[in-house]
Amino acid sequence: MLIGRAEESEIALTLDRQVSRRHAVVEWVGDRLYLRDLSSTNGTMLNGAQIQGRVTLAENDIVVVGRSVLQLVFYPEASPKVYELGGGEETPEEASG
């Protein structure tokens, strides 16, 4: 899953200007889940430390990209949900929903 400001990202953080268009990626390799920074401008943090290369993720890990904070929670057979908090701006989903 691509994390970034680009709209085509699976985890799209379009309101966070400190997030690169293609910031980081979360990927399964075998039975492990990994996080990898994609040479983003501001870097990626995992549990308070800046990552280098590919790192293993575990449940309840905290990932920080730009000003956005993501927590990894496993739910059986559920699709990912992204909640983006903006500076008081209404998102298109909020306006229509």
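The rules we used
Residues numbered from 1 in each chain as written. Predicted model: local features only at pLDDT ≥ 70, side-chain atom pairs only at ≥ 80, totals over all residues. Heavy atoms only, no water. Pairing = 2+ DSSP bridges. Helix = DSSP H or I, 4+ residues; strand = E, 2+ residues; numbered from the N terminus. Salt bridge = Lys/Arg side-chain N within 4 Å of Asp/Glu carboxyl O. Buried < 20%, exposed > 50% of the residue type's maximum accessible area, 1.4 Å probe, protein only. pLDDT = per-residue confidence, 0-100. Contact = heavy atoms within 4.5 Å.

Q: Could you clarify how one ought to interpret the sheet that holds strand 5 (residues 44–46) in this entry?
A: By way of backbone hydrogen bonds, the strands of a sheet pair with one another, either parallel or antiparallel. Ordered in space as 6-5-8-9, the four strands form an open sheet in which the pairing is antiparallel. The sheet terminates laterally at strand 6 (49–50) and strand 9 (68–71), the two strands that pair on one side only. Here three bridges tie strand 5 to strand 8 (residues 62–65), and the two strands are oriented antiparallel to one another. Directly across from Met 45, in strand 8, lies its bridge partner Val 64.

Q: What should I look at first to understand the pattern of salt bridges in this one?
A: Applying the stated criterion across every chain, the model contains one salt bridge. Between Glu 27 and Arg 36 there is a salt bridge; the shortest N-O distance is 3.4 Å. For Glu 27, a relative accessible area of 23% corresponds to the partly exposed category. Of the residues examined, Arg 36 reaches a relative accessible area of 31% and is grouped as partly exposed.

Q: Help me out: how do you make sense of the confidence of the model for the chain in this one?
A: Should the pLDDT be low somewhere, the predicted coordinates at that spot are not to be read in detail. Predicted confidence across the chain gives a mean pLDDT of 86, with 77% of residues reaching 70 or more. In this model residues 88–97 is a low-confidence stretch, pLDDT under 50, and it forms four contacts with partners more than four residues away in sequence or in other chains.

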